[in-house]
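# Coordinates in review
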Amino acid sequence: MNDNDNRVNPNADGQKPAEQKPTLENPVKTNPTEDQQEGAKPQTAKPPAAKVEDKPFETFIRDDFLPNIKQALTERGMPPSTLELIQGDRPVVGDPCWMVCGEIPLGRRFWLCFASDSIASKKTISLAETGTEPSLIEPFLIDEKKMTLTLLRSRLLQRLNGQKWLTAN
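As the structure is a computational prediction, the values presented were derived from the model and not from experiment.

The terminal C-alpha atoms of helix 2 (residues 149–162), which comprises 14 residues, lie 20 Å apart, in line with the 20 Å expected from a rise of 1.5 Å per residue. Of the residues making up helix 2, those classed as buried are L149, L151, L152, L156, L157 and L160. The inward-facing, buried residues of helix 2 abut helix 1 (57–75), strand 3 (108–114), strand 4 (123–128) and strand 5 (138–140). Just downstream of helix 2 lies K164, where phi reads positive at about 65°.

Here it is in structure tokens:
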């Protein structure tokens, strides 16, 4: 028998060789596994945890996105005086959409707009300085294939910070 042959053959004198020890190359099972034992419960794989992004749109925005944004803005010293999900006319162009509307200190306002009730839908953002109305609509997250809470949050904060609303000049 060569070293690579894992079969058990009797010795020349007809007796079985000594019991083999398990190795990575040659695992030897002497006891039945738990699921083979009589009366053992079958093991079931736990289903993967549901992602927050898989929730219905309104539930995700109200229960996850808005509290997350509120906390992030508050941690940056900009607690929002208004932060809500509404359905209405998109700033500047006036077409109907879902919007996350927010106002932070000094009366600065933003509108994160969704073309439909899906976080994967086309998004735009509009901003307005204190005492003004928005005059520009910008595409928001147009190249992203997969939308997540973390991505939405970070890019919104990045855009507000780019406006110098979250940090000093």
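To continue, consider the pattern of salt bridges. In this structure the tally under the stated criterion is seven salt bridges. Notably, a salt bridge pairs D95 with R90, separated by 2.9 Å at the nearest N-O pair. Taking the shortest distance from any N to any O, the salt bridge between R108 and E129 comes out at 3.2 Å. Of this pair, R108 sits in strand 3 while E129 sits in the loop between strand 4 and strand 5, placing them 21 residues apart in sequence. Among the residues examined, E129 registers a relative accessible area of 33% and is labelled partly exposed.

Turning our attention to the pairing of strand 1 (residues 82–89). Pairing of strand 1 with strand 2 (residues 96–104), which is carried by eight bridges, proceeds in the antiparallel orientation. Bridge assignment links L83 to a residue of strand 2, and that residue is G102. In textbook terms, the turn of a hairpin is the stretch between consecutive antiparallel strands, and for strand 1 and strand 2 this stretch comprises six residues, one of which, V92, has a positive phi near 75°.

Take L149: it is sitting in helix 2. In this structure, the C-alpha to C-alpha distance between L149 and K51, residues 98 residues apart in sequence, is 9.6 Å. In contact with L149, other than residues within four places in its own chain, are V52, E53, F60, D64, F65 and N68.

Cut-offs and rules
Residues numbered from 1 in each chain as written. Predicted model: local features only at pLDDT ≥ 70, side-chain atom pairs only at ≥ 80, totals over all residues. Heavy atoms only, no water. Helix = DSSP H or I, 4+ residues; strand = E, 2+ residues; numbered from the N terminus. Expected span 1.5 Å × (residues − 1). Buried < 20%, exposed > 50% of the residue type's maximum accessible area, 1.4 Å probe, protein only. Contact = heavy atoms within 4.5 Å. Salt bridge = Lys/Arg side-chain N within 4 Å of Asp/Glu carboxyl O. Pairing = 2+ DSSP bridges.

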